[in-house]
Amino acid sequence: MQNKEFSKYIHLIGWIGTFTACCMYFFYIPQIWDNLHGHVAQPWQPAAAMVNCTIWVWYGAKVKDWPVAVANAPGIVFGFVAFVTAL
C-alpha cells in the first residue's frame, strides 16, 4: 500500500471508530430515560466514562487528533447526564 493510500486508510478507520464510539455513548439515552422514570441504575460506570472521555478529548485536542476528540466528546455529556440522573 502506498504511503498516501495508507494515510487515507488510517484516516477512514479513525472516523469509522469515531462514529462507533459516538454510537456507544448515545446508548446512554435509554439509561438516562430509565433513571428519570424511577428505574435508577448505578452511577459509577457513567462517571468513570465521563472522566475517561474528558481525558481523551483533552489529549485529542492537544495533539490535534480530531477523531479521538470527537469520538469521546459525547461520552462527557452523556456520562455526566447518566451519572447525575442516577443519583
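Report on the accompanying structure.

Cut-offs and rules
Counting starts from 1 at the beginning of each chain's written sequence and moves along it residue by residue. For a predicted model such as this one, the threshold for reporting local features is a pLDDT of at least 70, and the threshold for listing and counting side-chain atom pairs is 80 or more; totals across whole chains, interfaces and linings nevertheless cover every residue. The side-chain figures draw on all heavy atoms in the structure; neither hydrogens nor water molecules are used. Only DSSP runs of H or I with at least four residues qualify as helices, and only runs of E with at least two residues qualify as strands; both kinds are numbered from the N terminus onward. The globule rule used for comparison is 2.2 Å times the number of residues to the exponent 0.38, while the radius of gyration itself is calculated over C-alpha atoms. For helices, the fitted axis covers only the stretch in contact; all axes are lines through C-alpha atoms, and the angles between them, taken along N-to-C directions, range from 0 to 180 degrees. Roughly parallel means an angle under 35 degrees; roughly antiparallel means over 145; roughly perpendicular covers 65 to 115; every other angle is labelled oblique. Helix crossings are classified by the rotation of the near helix relative to the far one: an anticlockwise turn of less than a right angle makes the crossing left-handed, while a clockwise turn makes it right-handed. For this analysis, residues touch if any pair of their heavy atoms sits within 4.5 Å. Whenever a nitrogen or oxygen atom comes within 3.5 Å of another N or O atom, the pair is scored as a polar contact, on the condition that within protein one atom can donate a hydrogen and the other can accept it, and that pairs from neighbouring residues in sequence are kept only if both atoms are in side chains.

### Quick look at the overall build of the chain
Looking only at helices and strands, the chain has four helices and zero strands in total. From first element to last, N terminus to C terminus, the chain shows the α and β order α-α-α-α. Computed over its C-alpha atoms, the radius of gyration of the chain comes to 16 Å, more than 25% above the 12 Å expected for a compact globule of 87 residues. Here the C-alpha coordinates of the chain stretch approximately 55 × 25 × 15 Å along the principal axes.

### Details of the packing of helix 2 (residues 28-36) against helix 4 (residues 66-86)
Where helix 2 contacts helix 4, the two axes come as close as 9 Å, and the packing angle between them is 20°. Classified by the interaxial angle, the pair formed by helix 2 and helix 4 is roughly parallel. Here the hand of the crossing between helix 2 and helix 4 comes out left-handed. Contacts from Tyr28, Ile29, Gln31, Ile32, Asn35 and Leu36 of helix 2 reach helix 4 at Phe78, Gly79, Val81, Ala82, Thr85 and Ala86.

### As for the environment of Gln42
Locating Gln42 in the fold gives a position in the loop between helix 2 and helix 3 (44-62). Separated by 45 residues in sequence, Gln42 and Leu87 place their C-alpha atoms 8.1 Å apart. When neighbours within four sequence positions are excluded, Gln42 is seen to be in contact with Gln31 and Ala86. Looking at Gln42, its side chain comes within polar contact range of the main-chain nitrogen of Trp44, at 2.8 Å. In this structure the side chain of Gln42 is engaged in a polar contact, spanning 3.0 Å, whose partner is the backbone nitrogen of Gln45.

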